[in-house]
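What follows is the residue order along each chain.
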Amino acid sequence: MNANRAAQTGLGTIGTAAVALAAAWLVVQGPSRAAADEPKRVERLEQEGGPPLEGRLLLDPRAGFRFQASSEPATSSRPVEAGRVIDFADREPSASSIPPLFQARIGESARISGMLRRVAENGLQISVPWQAQPIELRRPGVQSLVQRIGEARVLVDSFDKLDSATWAVGGKPEIVADAGPAPADRALRLPPGGASIERRFEEALGAGRIDLTFRDDGKIHPDQQWTLVLTLRAPTGPANIRIVLGWSEDSLAVESPAGPALAVQRLARAEGWRRLAVRFDADRTEIAVDGKELAHGKGPPGPLESIRLATSGPPSENAGSGGIIGEIQVARFAQPPSSLEIDPTQDEARLVVGDQLFGAIRQGDSDRVEMTVDDRPVVLDWSDLAGVFLRRTPAEGAPVQGALARVEWRVSAGDPTRDFDFAEGAVSALSDSTLTLATPFAGTLQIPRDRLIRLRVLEPGWRLVIDPASHHLGNEIEPRLDPPLPEGSVLERSFELPNGLDGPKFLALDVILVVGETPGLPFSDFVRRGELKTFVEINGVRFDYLNRFVHTANETPERIRIPIRADLLKPGKNQLRIVQTGLAKLPTEYDDLGILGVAVEVADPNGRPGVEELPKEPVAAPTP
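Residues numbered from 1 in each chain as written. Predicted model: local features only at pLDDT ≥ 70, side-chain atom pairs only at ≥ 80, totals over all residues. Heavy atoms only, no water.

Take the nonpolar core next. As a rule of thumb, nonpolar side chains are buried together in soluble globular proteins. Phe65, Ile112, Leu137 and Leu455 are the most contacted members of the largest nonpolar core, which has 58 residues in total. Examining the composition of this core, we find that 5 residues originate from one element, strand β8 (residues 110–120), more than from any other. Beyond its immediate chain neighbours, meaning those up to four positions away, Leu137 contacts Ala104, Ile106, Ile112, Asn122, Gly123, Leu124, Ile126, Val142, Phe441 and Ala442. Core analysis: the second largest hydrophobic core is formed by 37 residues, Leu205, Leu230, Ile287 and Ile328 among them. (Core = buried A, V, L, I, M, F, W, Y, C linked by side-chain atoms within 4.5 Å. Buried < 20%, exposed > 50% of the residue type's maximum accessible area, 1.4 Å probe, protein only. Helix = DSSP H or I, 4+ residues; strand = E, 2+ residues; numbered from the N terminus. Contact = heavy atoms within 4.5 Å.)

Below is the structure:
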C-alpha cells in the first residue's frame, strides 16, 4: 500500500538512531612530537538543550569515548554517552587534491570514494588519497560503484608514464619522482623554454570539467611562462582560453581574447601543490585554484576541442625547474536518466545515456568493465558508464566489537558535487592524526583526523550485519523505494552466531516508509486494529513487529532496534523472517516499505542500553 507521504529515499545521515553494542578494550595513542607542537583544532560535543561544548575527543581503554573540554583542567574529561555527536566541521583538508572519480556504496554500512583499481567476482579494490594501503571491499556486500552523478569520464592521467597514444608531445617532457597530493609518487615535468603536451578529443565537449594538480615554486622567473590552453570551436574559428600558471608574475592570470568574456580576480601564486578547476557549460564558465575563484563569466562560444599544457621563454640560467603536473582529469557533463529499471537479482551496467545492461559482471579496472550479457561477453569503457550495480546477494559482514561509532569524513575540500563519505564500525584507536575504524565490509580504515566531519557515538558492543542491501516489501510499485518494484511480503535471511555472546540482544533494522503505530501517524489506525503490520520471526517464533518502534512518519531512513528474547537465538545457524500482514478486507494489500539494512547486536551486559522494553503481551503464537 502506498501511503501518500512526501518521503525521501537514500542513505541516512549522521542522525540515524544509535545502535546498542558492548564495550571492548581500546588503545589510546598519545600525540607524536610533531603533532604536539601543532595547535589542536577545536572539536565540539553537541549537548541536548545547550550550546556545543568545545574541546577534544579522546578514547579511554576502560571507559570508551571521553571528551576533554577546553574550559576544564587537562587532567579531567567526561564520558560521551551513546547518541552524542562530535562535530569536526571547522576542519578543511587541502584543496590541492582532485576529488576521487568513484564512489562505492554498501547500504547504510559505508560509502567510500576513491580511484578504482580492480573489480573481481569476490570484491573491489579502490585507492583513497588519505590512506597508503588500498581498500578491499567485499563482494557480495558492495551494492554499487558509481562515478559522479551526471558525469562521463573523458581523460584521467596521473602520469606514471607519458603515453604517446594519449598526448601529442612537444620538446622533452619527462616523468619524475615527485610525491604530489594524489596517492602516487610520479609526476610530469615540462622543462622551461619550450615543452608541451596536447590532447585533442575525439568528440568535442559542450559541457564538462577539467581538474589539474600542479606544483608552483612561488618564484618569479622573468620572461618565462607556462600555461593551460583550452581550444574551443567557435562559429568564426578556433577560440582560446589561456590560463597562465607562472612564472613571470607573482599572480595567476586568465586570457580569453576570442573566447567568452570573463571577469578575472587576482590570485597570488604560492609555493606548493595547487589544484586548478575549470567548469563550463552553455551558460557559464568558472575557473578556480584551490577552491578560490580566479575567473568567471559567460559560457564558451563553442565546444572544447583540445587542451594543451606548455612552457615558453628564452633560454636562461634563472628559468627555474619547469612545470610539474601531478594529475589531470577531464569529464563530460551528461543529464542523468529520468527513469530506470532495477533488477536486484542481476548485476547491472548503467550507461551515461540511460541504457542498461543486465547480466554478470566478471572483472574490471579503472578503464573498463567486463560482463556477460545473455551468455555473451561485453566490454564497457568507463567513459560510457555511469556506474555498476551489483546483485543483492545476502552477505554477512565481518563482526565488529568495541567502541562503536558512525564516522563521516570529507571526500575533498572545495567539492560541492559530493558531501561526505561515511562508515560504521568499531573505533580501535584515536590519535592526534588518525582515527582507526574496523568495518564489516571494508576492512580497517585509517582516516586522517583533519578530514573528519562528524562522529556519532553508538552503544558499545558486538554487531553483525547480516544484509547491507536495500529491499522493498509490499505489493505496489513505489518509485521512492529501492527497488521500486516490490519483492514480496516476506524477507528471509540466515546467519551464524558464535558461542559466548552474553548480554541483551537486538535486531537492528534501517527502515523507511514503515507505517507507525503511534496515534496521529498516517494509517496508524490500521496498525492498532492489527492490519498492515510487519512482524519479525527468529527460528520460527514470531516475537515482535516493526510498527511498534516507528514513532514518526518515517519519511527518511531510521534505525530501529527490536529486543530479542534470550531463548530465541542460539550458537550456529539462525533463521530470520520479516513477514507482512495486509488489510482485513484486502489481505494482499500490504504496507510498501523499505528495509535498508539488517543486523544483530549484542549490548554490554553491564552497560546501560537504554532500549525499549519487550512487549508485555505475547505478539502471536509460534508460527509453523
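A few words on the pattern of salt bridges. Two side chains of opposite charge can pair, provided their charged atoms sit close to one another. Throughout the structure, instances matching the rule amount to 42 salt bridges. Among the ionic pairs, Arg209 bridges to Asp211, the shortest N-O distance being 2.6 Å. Overall, the relative accessible area of 0% leaves Asp211 in the buried class. The shortest N-O distance in the salt bridge between Glu408 and Arg454 comes to 2.7 Å. (Salt bridge = Lys/Arg side-chain N within 4 Å of Asp/Glu carboxyl O.)

That bond from Arg139 to Pro140 is cis: its omega, 5°, falls within 30 degrees of zero. The residue Pro140 is located in the loop between β10 (131–138) and β11 (144–147) in this model. Positive phi values are uncommon outside glycine, yet Asp290 reaches one of about 55°. By secondary structure assignment, the location of Asp290 is in the loop between β23 (284–289) and β24 (292–298). In this structure, Leu532 takes a positive phi of about 55° despite not being glycine. The residue Leu532 is located in the loop between α2 (524–528) and β41 (534–538) in this model. With a relative accessible area of 0%, Leu532 lands in the buried category.

These figures capture arrangement, not role.
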